[in-house]
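Chains, contacts and geometry: an overview
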Amino acid sequence: MISGYLHPSELVLDDPTRRLCAAITSGELSAVRLAVIAPGGYGKTALLDLLATTDGARRWRRGAESAPLLVIDDAHLLGDADLAELVDLAADDQVGLVVAARPRPRPAGLTALLGRLRGQVVLRPFDRDRVAECLRSVAGERPSEATVELVRAQTGGVPGLVHRLAPHVGAGVVGVPRAAVEEFRFELDRLTPDALRVLVAAEIGVVGDPDLLAGLLGRPPADVVDEVRGSGLLAPDGGVLPIVATMLRELVPADQRDAVFGTVAALHLDRGGALRDLAFALLAAGAGGPSVAAVFESAAARAEPEVAVRLYAAAAAAGHPVDEVARAEAEALSGALDTALRRADTLVATASGPRRAAAARVAAAALAHRGQLARSAELYQWSGAGPAAAFAAVGLAGTGRLAQARAALERAAEDEPPTLLAGAVSAMAQGILDSIGEPSATALSTVVRAAETLEPVGGAVLLPDTPAALGALLALHSGAGAIAEPLLARAIAARTGGAVLLTRHRLLHAWTAMVRGDGATAAEVRRDVGTDLAPRDWLFAVGLEVGVARRGSDLAALRRTWERACEAVMRHPVDLFTLLPLGEFAVAAARLGDRDRLAPHLAQAWELVRELGNPPLWTTMLHWACLHAEIIAEHPEAADEHAVALAESAGAGPFHATVADAARQWRQVLAGEVDPERVEAAARALHASGLCWDGARLAGQAAIRTADRKAMLGLLDCARMLQGTAAPAATAEDRAIDVIGTARLSERELQVAGLVLDGLTYRQIGDRLFISAKTVEHHVARMRSRLGATSRSDLLAQLRDLLGERQGA
């Protein structure tokens with residue numbers, strides 16, 4: 001069909017074919033018997049034109065005299081009489097024959113003729129190098145890699161298509177120009193109506209299904225499929241090449257395409273079975289019509305949420321009725337919470353019966369993600385028993401309504417089959433209720449088991465929260481970060497809760513990394529999740545920023561983040577499951593001297609835990625954070641109150657005792673009473689409980705406040721070990737290092753210099769290196785003296801030069 005596009009001079013042949021043709025045209029080979037079998041567009045006619053330049057060669061016509069070399073084109077189109085004559089000619093060994101034909105159709109006479117030949121010339125699609133060679137021959141210059149890839153991808157390397165597209169592409173062209181598409185109109189016009197229908201059907205991948213094609217054509221499709229396959233417009237897998245898909249979309253009227261798509265869709269619906277792949281293909285083809293819309297709606301019910309949202313939208317756009325509750329659920333699972341909430345809220349107001357209750361559950365889940373836990377719990381309560389009642393119990397407990405939560409959990413078992421989902425959600429709720437009154441280990445183990453139960457079925461269920469996330473919170477509140485990390489890793493791998501909960505799992509996983517001192521990993525995850533987050537995720541994301549900046553003594557970053565932190569707290573009401581970021585904000589507020597803005601929210605948090613009876617599992621970390629906030633704010637009486645509260649909770653378990661002892665050591669250190677053995681024991685216990693940074697900080701701050709040099713060195717070594725960044729052993733005079741000229745700075749001075757250039761204050765540098773601000777000031781003064789700097793700006797300039805030279809060495 002597209003073989004006539006190539007001139008012999010445009011042929012791009014592989015080396016064996018080029019050598020064979022040269023041998024024939026030079027007369028080196030005579031009486032050759034060759035078949036050239038390839039679809040249209042592969043250059044069969046151009047190859048015959050090249051061979052026809054051989055002395056004594058000519059094109060065959062029926063009844064004409066014989067010649068030393070006869071070339072026969074389009075042999076698949078010849079009649080029986082023509083083929084019979086050629087078979088007779090082939091009986092003469094002195095006559096050379098080169099016969100070109102498409103793979104199909106293959107009449108008996110052509111089979112007999114090909115059986116008399118001795119070899120076959122194979123014409124293959126162009127590879128990248130041959131596409132580039134073709135483009136260079138057309139444009140007269142070397143094409144860019146992008147242009148070569150565009151043409152190869154669009155044409156599949158079919159030579160005729162490459163040559164036809166080549167004049168229309170070049171620098172800056174990113175798609176197929178309209179002018180190039182117009183050049184193919186004649187090729188579509190040459191197809192029979194049935195062949196055009198099959199080619200359109202190939203766009204949605206049904207060429208390999210003879211039953212569907214028979215239904216589309218109303219007759220056996222074999223000969224029509226042969227025509228289409230022989231046209232050179234199909235890819236090897238039976239689909240259409242990209243440029244052909246563009247041609248069909250732009251040149252075939254939409255009603256004709258939709259008629260084909262609609263017939264195929266109706267046949268699929270009648271036959272039954274999976275519709276997912278067909279729906280994707282129809283969606284990609286821009287198909288429309290009632291039957292197509294019905295395929296969209298049916299496939300959406302079984303598709304992953306992100307795809308289901310598109311399929312439901314396409315079905316609705318085509319005027320087909322869709323399950324609006326399922327559509328809202330898919331939107332929520334995909335992360336489109338606002339859209340899902342609007343749709344579900346409308347259904348709660350207008351629907352009735354089970355659909356209304358189902359819509360309420362969708363709205364409840366969306367509200368939980370948006371931080372409206374109290375309203376979410378009310379909707380779950382209203383929507384019925386079973387998992388909804390268990391979700392309500394979690395929300396009620398999280399907002400301080402413990403009696404109602406227990407009543408809701410009792411309802412959860414009413415008239416509900418014991419499915420994995422029901423069992424996991426009920427266990428999760430039970431674990432949360434247990435955490436308010438029982439030892440932390442009991443509650444945590446219950447929720448961890450719930451997470452494992454949910455893993456096989458949790459990927460396609462809309463959840464307000466997961467056992468993995470709540471279990472991680474319990475673990476972080478009880479010093480069991482080592483349990484939180486694998487728990488969250490499994491939830492991420494299983495995609496529990498779908499895409500909408502993936503970010504929550506990742507943020508909590510990053511939180512565990514931050515607490516154990518891996519701020520780099522925490523910061524990387526924070527960057528990866530971006531800023532387009534639901535209020536609950538945003539609260540934890542900003543909490544990570546604040547926590548990483550605080551632990552890194554990065555006051556500038558803390559100031560930059562603080563406004564976002566205040567905004568996040570304003571957007572998200574206080575509940576039991578947000579106490580961790582709230583604690584981080586409390587310390588940051590004290591460091592920045594902006595406690596008044598956070599005070600109302602902290603007051604709500606304390607009121608909430610009082611309503612729940614001050615459960616140690618949930619109050620310990622908040623007291624610990626507020627203890628440090630009061631220390632920073634220099635309010636020793638308020639700090640003592642938190643230390644006392646921690647001491648009263650010490651009997652709740654080993655972790656609570658560890659934190660209580662650490663609080664006691666902090667108060668003694670700040671009072672100038674440093675007991676190195678007890679401080680080190682408390683610091684190591686914090687580290688063992690997962691509070692690695694806190695343990696290192698306690699030891700470091702104790703070191704710079706003791707007058708005993710031996711105790712100071714021991715505590716500094718402990719701090720460095722716990723921090724995981726052991727510095728070189730301290731000596732009376734650190735090893736000096738030549739940098740440039742005669743200037744010599746010690747290793748410690750170089751560390752201080754780098755942090756000074758990073759913009760840290762003396763206090764921040766002291767926090768980072770576990771030395772006092774006064775010691776930092778002493779190091780800076782000594783550097784200024786050694787370098788002969790006349791001013792601070794002169795010192796900073798020399799330090800930049802020094803450190804630049806050192807890094808480049």
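Residues numbered from 1 in each chain as written. Predicted model: local features only at pLDDT ≥ 70, side-chain atom pairs only at ≥ 80, totals over all residues. Heavy atoms only, no water.

**What to know about the overall build of the protein chain**
Each helix and strand counted, the protein chain has 43 helices and seven strands in total. The C-alpha radius of gyration computed for the protein chain amounts to 38 Å, which surpasses the reference 28 Å derived for 809 residues by more than 25%, pointing to a less compact arrangement than a globule. Its C-alpha atoms give the protein chain principal-axis dimensions of roughly 120 × 85 × 40 Å. Of all 809 residues assigned to the protein chain, the portion counted as buried reaches 54%. Across the protein chain, the fraction of contacts at a sequence separation of at least 24, relative to all contacts at a separation of at least 6, is 64%. Accessible area for the protein chain stands at about 34200 Å²; split by element, carbon and sulfur atoms hold 52% of it. Side-chain charges in the protein chain split into 83 positive and 98 negative, and the spacing between the mean points of these groups amounts to 3 Å. (Helix = DSSP H or I, 4+ residues; strand = E, 2+ residues; numbered from the N terminus. Rg over C-alpha atoms; globule rule 2.2 N^0.38 Å. Buried < 20%, exposed > 50% of the residue type's maximum accessible area, 1.4 Å probe, protein only. Contact = heavy atoms within 4.5 Å. Areas by Shrake-Rupley, 256 points an atom, 1.4 Å probe, with all protein chains shown as cover. Lys, Arg positive; Asp, Glu negative; His and termini not counted. Charge placed at Lys NZ, Arg CZ, Asp CG, Glu CD.)

**Digging into the pattern of salt bridges**
In total, this model carries 46 salt bridges according to the counting rule given. Taking the shortest distance from any N to any O, the salt bridge between E304 and R276 comes out at 2.8 Å. Taken as a pair, E304 in the loop between α16 (290–300) and α17 (305–317) and R276 in helix α15 (residues 276–284) lie far apart in primary sequence, 28 residues in all. By relative accessible area, which is 33% here, E304 ends up partly exposed. Of the residues examined, R276 reaches a relative accessible area of 36% and is grouped as partly exposed. In this structure, E331 engages R343 in a salt bridge whose closest nitrogen and oxygen atoms are separated by 2.9 Å. (Salt bridge = Lys/Arg side-chain N within 4 Å of Asp/Glu carboxyl O.)

**Things to note about helix α20 (residues 353–369)**
Helix length check: α20 (17 residues) gives 25 Å between terminal C-alpha atoms against 24 Å at 1.5 Å per residue, within 8%. When you tally the buried positions in α20, you get twelve out of 17 residues, the bulk of the element. Those residues of α20 lying buried are A357, A358, A359, A360, V362, A363, A364, A365, A366, L367, A368 and H369. Of the residues trailing α20, G371 is marked for its positive phi of about 90°. (Expected span 1.5 Å × (residues − 1).)

**What about the packing of aromatic side chains?**
Tallying each qualifying case throughout the model produces three aromatic pairs. Seen in terms of ring centroids, Y380 and F391 are 5.2 Å apart; in terms of plane orientation they differ by 45°. Their pairing is tilted. Of the two residues, Y380 sits in helix α21 (residues 373–383) while F391 sits in helix α22 (residues 387–398), which places them eleven residues apart along the sequence. Of the two residues examined, Y380 and F391, each falls in the buried class. Ring centres of W511 and F540 lie 5.7 Å apart, and the angle between their planes is 70°; this geometry places the pair in the edge-to-face category. Remark: F540 occurs in helix α30 (residues 535–551) and W511 occurs in helix α28 (residues 499–515); sequence separation between them is 29 residues. (Phe/Tyr/Trp six-rings, centres within 6.5 Å; stacked < 30°, edge-to-face > 60°.)

**Description of unusual backbone geometry**
Of the consecutive residues R104 and P105, the connecting peptide bond is found in the cis state with omega at 0°. Locating P105 in the fold gives a position in the loop between β4 (96–101) and α4 (108–115). With a phi angle near 50°, R495 is a residue other than glycine that sits in the positive phi range. You can see R495 is positioned in the loop between α27 (481–494) and α28. According to the relative accessible area criterion, R495 is partly exposed, its value standing at 38%. In this structure, N614 takes a positive phi of about 50° despite not being glycine.

**Quick look at the nonpolar core**
By size, the foremost hydrophobic cluster in this structure holds 148 residues, and its most contacted members are L576, F577, F585 and W624. The next biggest cluster of nonpolar side chains, apart from the first, holds 93 residues, and it includes A38, V225, A265 and A314. (Core = buried A, V, L, I, M, F, W, Y, C linked by side-chain atoms within 4.5 Å.)

**Quick notes on the pairing of strand β3 (residues 69–72)**
The two faces of the sheet receive side chains in turn, since in a regular strand these alternate between them. The two faces of β3 match: L69 and V71 on one face and L70 and I72 on the other face are all buried. When strand β2 (residues 57–59) meets β3, the two strands line up parallel, connected through three bridges. Each residue of the ladder has a partner; that of R59, found in β3, is V71. Pairing geometry for β3 and β4, over four bridges, is parallel. Residue pairing for β4: L69 is matched across the bridge by G96. (Pairing = 2+ DSSP bridges.)

**Some thoughts on the sheet that holds β4**
Strand order in the open sheet made by the five strands is β2-β3-β4-β1-β5, with parallel pairing throughout. Every other strand in the sheet has two partners, leaving β2 and β5 (119–121) as the edge strands with one partner each. Taken pair by pair, the neighbouring strands of this sheet meet at an average axis angle of 20°, ignoring direction. Packed onto the sheet, helix α2 (residues 44–51) meets β1 (33–37), β2, β3, β4 and β5 and runs at close to 165° relative to β4. (Axes fitted to C-alpha atoms, helices over the stretch in contact; angles between N-to-C directions.)

**Quick notes on the pairing of β4**
With six of six residues buried, β4 is to be regarded as a mostly interior element. By the alternation rule, side chains of β4 split into G96, V98 and A100 and L97, V99 and A101, which are all buried. The pairing of β1 with β4 spans five bridges and is parallel. Residue R33 lies in a different strand from β4, and its bridge partner there is L97. At this point the chain moves from β3, through helix α3 (residues 80–90), to the parallel β4, and the crossover so formed is right-handed. (Right-handed = clockwise from strand over helix to strand, strands pointing away.)

**Notes on the state of the cysteines**
Counted by the stated rule, this structure contains zero disulfides. Take C692: it sits in no disulfide, and the sulfur closest to it among the cysteines is that of C718, at 12 Å. (Disulfide = S-S within 2.5 Å.)

**Considering the side chain of D209**
Here D209 lies in the loop between α10 (193–202) and α11 (210–217). By relative accessible area, which is 18% here, D209 ends up buried. A polar contact is formed between the side chain of D209 and the backbone nitrogen of L212, at a distance of 3.2 Å. (Polar contact = N/O pair within 3.5 Å; in protein donor to acceptor, adjacent residues only side chain to side chain.)

**A short note on the confidence of the model for the protein chain**
Taken residue by residue, the protein chain gives an average pLDDT of 87. The fraction at 70 or more is 94%. Low pLDDT, under 50, characterises residues 1–5; the predicted model gives this stretch 21 contacts beyond four residues in sequence or across chains. Per-residue pLDDT stays below 50 along residues 725–743; that stretch engages in 26 contacts with residues further than four places along the chain or on separate chains. (pLDDT = per-residue confidence, 0-100.)

**Focus on the side chain of T620**
Among the structural elements, T620 can be located in helix α34 (residues 616–632). At a separation of 2.8 Å, a polar atom in the side chain of T620 contacts the side chain of H656. Excluding its chain neighbours within four sequence positions, the residues that come into contact with T620 are L646, S649, F655, H656 and V659.

**Describing the environment of D277**
In this fold, D277 is placed in helix α15. Owing to a relative accessible area of 59%, D277 belongs among the exposed residues under this scheme. Expressed as a C-alpha distance, the spacing of D277 and G471, which sit 194 residues apart in the sequence, is 38 Å.

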